[in-house]
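The residues making up each chain are set out below.
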Amino acid sequence: MLNIVNDKQWLNRNIGSPYMMALLSYAVFLFAWMFPGPVYTSFVHEPDLLWFDPLTFAYFTACLIVFLLGVRSARFCVGNERSSSETRVSVDDSLAYLLTPLLLAIAFCCLYIREVASHIDFVTLLHSQRAEVIKIAQLSGHVSAGRFSYSLPLLVGTTWWVAYRSWQVRLVGMDKWIVRAVFACAIVVGITAYLATADRGNQFAFILGTIVVYSYHRSRSNGVGLGRLFVGSALSGVAVLAVLIPLAFLRGASTAKSLINSFMGYSIASYNRLAALLSGQMTYQYHGTGVYLAPYLLDRKKFNSILPIAQNMNWPTFTGLWRSEFHSVAAAGLNSSFIWSGAFGYVYSDLGWGALFYLYAVGVLIGYTWTQFKAGGTVAIVVYPYMAMWMLSWFAANY
């Protein structure tokens, strides 16, 4: 009985935590590692280098361990932890407090969608299953939202902030339903904007981040047992699939086999490329330059005008980096339709086994942000869900 109580307490403390996120990702890796090689090859059309490969298992497990040690070490960077469930926000008008920033963010994001639509007919392209055309146009710079380019990140951050604060202000009655309605509108507008730009990665972050914030507060208010955790995980999985399946369809996957191929290509195949990197069979063109540690800096023109890291390091453009990965995968004798090698694969490409030190430092940073998230820090409320998405998508790119 004591073990059951302790298990429930552990679950309630760790819903949404780096420990839970990392263990879920490790479970995905183990599934991929043990997935039958012949079945994988029949769907993805490439040799399976991952199947029970001891080197890949040792590397990934080592990465997980040092990352969690870093998260644990973050406890020494903060004082006594205090959960936001103990802190209530007192405001005179809860609707104005929550809805004013959210409605403004929705309005700006609608303007962003209109600006994108003026450059490319994304509705027609999506209807004809040509989402890849939108993606290429976006990467090549032919689609620009100008002054509204930061509207979508603004909406995402504001949505998470509202989801978090709405639990602290204790909404009741009609106020609760009004906030829920506007919140649902924000979700729809955000997903529409990501569809307009064929941005699968950030759409994935938006959905997962929202689930993390909701699950965190739900566990603090009502408690979560093993049964409820299972049901919640299943519903979260359904929500993610409800987004990913239409996206795969819009990118041309119209049969059951092509859908399975797409899912395996963007999950198990990533770890197959990690195995290729570790064995030396595959090498990325720009390995060892540091670009795979921070690819998001490549096309940040304002940032690079102040601190020209990309120029000083002779990094390619984001489009150039993206295209080079297709050539690297093809040269290794793998299916070049799928280029991801997982977060740990990209880090290894730049640092080798030195990635372990890097991941320890990242663990400390995420562990510290988690404590600030629990304390209700505004910056952490916006940043931590992105970090949670990174942990849950270790099979993807190093966002």
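Residues numbered from 1 in each chain as written. Predicted model: local features only at pLDDT ≥ 70, side-chain atom pairs only at ≥ 80, totals over all residues. Heavy atoms only, no water.

Draft legend 1. Structural view of the overall build of the protein. Secondary structure assignment for the protein yields 19 helices and zero strands. Expressed as a percentage of the 399 residues in the protein, the buried residues total 49%. Taking the contacts inside the protein whose residues are at least 6 apart along the sequence as the reference set, 78% of them involve residues at least 24 apart. (Helix = DSSP H or I, 4+ residues; strand = E, 2+ residues; numbered from the N terminus. Buried < 20%, exposed > 50% of the residue type's maximum accessible area, 1.4 Å probe, protein only. Contact = heavy atoms within 4.5 Å.)

Draft legend 2. Local environment of the packing of aromatic side chains. Scanning the model with the defined rule gives 31 aromatic pairs in all. Geometrically, the ring pair formed by Phe373 and Tyr384 is tilted, given 5.1 Å between the ring centres and 40° between the ring planes. Separated by 11 residues along the polypeptide, Phe373 in helix H18 (residues 355–374) and Tyr384 in helix H19 (residues 378–392) bring together distant segments of the chain. Here the two residues Phe373 and Tyr384 agree in accessibility, since each one is buried. Taken together, the aromatic side chains of Tyr26, Phe29, Phe60, Phe67, Tyr271, Phe344, Trp390 and Trp394 make up a single cluster linked through ring pairs. The lysine or arginine in question, Arg180, covers the ring of Trp177, its NZ or CZ lying 4.8 Å from the ring centre. (Phe/Tyr/Trp six-rings, centres within 6.5 Å; stacked < 30°, edge-to-face > 60°. Lys NZ or Arg CZ within 6 Å of the ring centre and 35° of its normal.)

Draft legend 3. Highlighting unusual backbone geometry. Backbone geometry at His45 places phi at a positive 65°, although glycine is not the residue there. Following the sequence through the fold, His45 ends up in the loop between helix H3 (37–44) and helix H4 (54–73). Residue classification places His45 among the exposed residues on the basis of a relative accessible area of 55%.

Draft legend 4. Spotlight on H18. Over its 20 residues, H18 extends 28 Å from the first C-alpha to the last, a length consistent with the 28 Å expected when each residue adds 1.5 Å. For H18, the complete set of buried residues consists of Ala355, Leu356, Leu359, Val362, Gly363, Ile366, Gly367, Thr369, Trp370, Thr371, Phe373 and Lys374. Directly beyond the C-terminal end of H18, a positive phi value near 90° is found at Gly376. (Expected span 1.5 Å × (residues − 1).)

Draft legend 5. Main features of the environment of Asp93. Relative to the elements of secondary structure, Asp93 occurs in the loop between H4 and helix H5 (94–117). You can call Asp93 partly exposed: its relative accessible area is 43%. At 3.2 Å, the side chain of Asp93 and the backbone nitrogen of Leu95 are in polar contact. (Polar contact = N/O pair within 3.5 Å; in protein donor to acceptor, adjacent residues only side chain to side chain.)

Draft legend 6. Structural context of the pattern of salt bridges. In this structure the tally under the stated criterion is one salt bridge. Here Arg273 ties to Glu46 by a salt bridge, and the two come within 2.7 Å at their closest N and O atoms. Taken together, the positions of Arg273 in helix H13 (residues 268–279) and Glu46 in the loop between H3 and H4 put the pair 227 residues apart, joining distant regions of the chain. According to the relative accessible area criterion, Arg273 is buried, its value standing at 0%. (Salt bridge = Lys/Arg side-chain N within 4 Å of Asp/Glu carboxyl O.)

Draft legend 7. Focus on the nonpolar core. Counting residues in each nonpolar core, the largest one holds 107 residues, and the members touching the most others are Phe67, Leu155, Tyr271, Tyr384, Trp390, Met391 and Trp394. Ranked by residues supplied to this core, first place goes to H5 with 10 residues. Ignoring any residue separated from it by four or fewer positions in sequence, one finds Met391 in contact with Pro18, Met21, Ser25, Phe67, Ile366 and Tyr384. (Core = buried A, V, L, I, M, F, W, Y, C linked by side-chain atoms within 4.5 Å.)

Draft legend 8. How the structure looks around the packing of helix H8 (residues 151–168) against H19. Two numbers describe how H8 lies on H19: the axes approach to 9 Å, and their chain directions differ by 115°. Relative to H19, the element H8 lies roughly perpendicular. Seen along the crossing, H8 lies across H19 with a hand that is right-handed. Between H8 and H19, the contacting residues are Val156, Gly157, Trp160, Trp161, Tyr164 and Arg165 on the first element and Thr378, Ile381, Val382, Pro385 and Tyr386 on the second. The class makeup of the residues in the contact of H8 with H19 is eight nonpolar, two polar and one charged. (Axes fitted to C-alpha atoms, helices over the stretch in contact; angles between N-to-C directions. Parallel < 35°, antiparallel > 145°, perpendicular 65-115°, else oblique. Left-handed = near helix turned anticlockwise from the far one by under 90°. Nonpolar A, V, L, I, M, F, W, Y, C, P; charged D, E, K, R; others polar.)

Draft legend 9. Spotlight on the side chain of Thr159. Among the secondary structure elements, Thr159 is positioned in helix H8. A distance of 2.7 Å separates a polar side-chain atom of Thr159 from the backbone oxygen of Leu155. If near-sequence neighbours (up to four positions away) are discounted, Thr159 is found in contact with Leu102, Phe183, Ala186, Ile187 and Phe206.

Draft legend 10. Structural detail: H4. End to end, H4 covers 28 Å across 20 residues, agreeing with the expected 28 Å (1.5 Å per residue, within 8%). When we look at burial in H4, the residues that qualify are Thr56, Tyr59, Phe60, Thr61, Cys63, Leu64, Val66, Phe67, Leu68, Gly70, Val71 and Ser73. Buried residues belonging to H4 abut helix H2 (18–34), H13, helix H17 (342–351), H18 and H19.

Draft legend 11. Looking closely at a nonpolar patch on the surface. Judged by side-chain polarity, Met34, Trp51 and Phe52 come together as a nonpolar surface patch covering roughly 320 Å² of accessible area. Its location among the elements puts Met34 in helix H2. (Patch = residues over 30% accessible without salt bridge, like charges linked within 9 Å, V, L, I, M, F, W, Y side chains within 5 Å. Areas by Shrake-Rupley, 256 points an atom, 1.4 Å probe, with all protein chains shown as cover.)

Draft legend 12. Main features of the environment of Leu293. For Leu293, the position within the fold is in the loop between H13 and helix H14 (301–306). Once the C-alpha coordinates of Leu293 and Tyr358 are considered, the two residues, 65 residues apart in sequence, prove to be 9.6 Å apart. Residues contacting Leu293, with those up to four places away along its chain left out, are Val347, Asp350, Leu351, Tyr358 and Asn398.

Draft legend 13. Representation of the state of the cysteines. In this structure the tally under the stated criterion is zero disulfides. Left unpaired, Cys109 is separated from the closest cysteine sulfur, that of Cys110, by 6.5 Å. With no disulfide partner, Cys185 has as its closest neighbouring cysteine sulfur the one in Cys110, 6.8 Å distant. Under the relative-accessibility criterion, Cys185 is labelled partly exposed at 37%. (Disulfide = S-S within 2.5 Å.)

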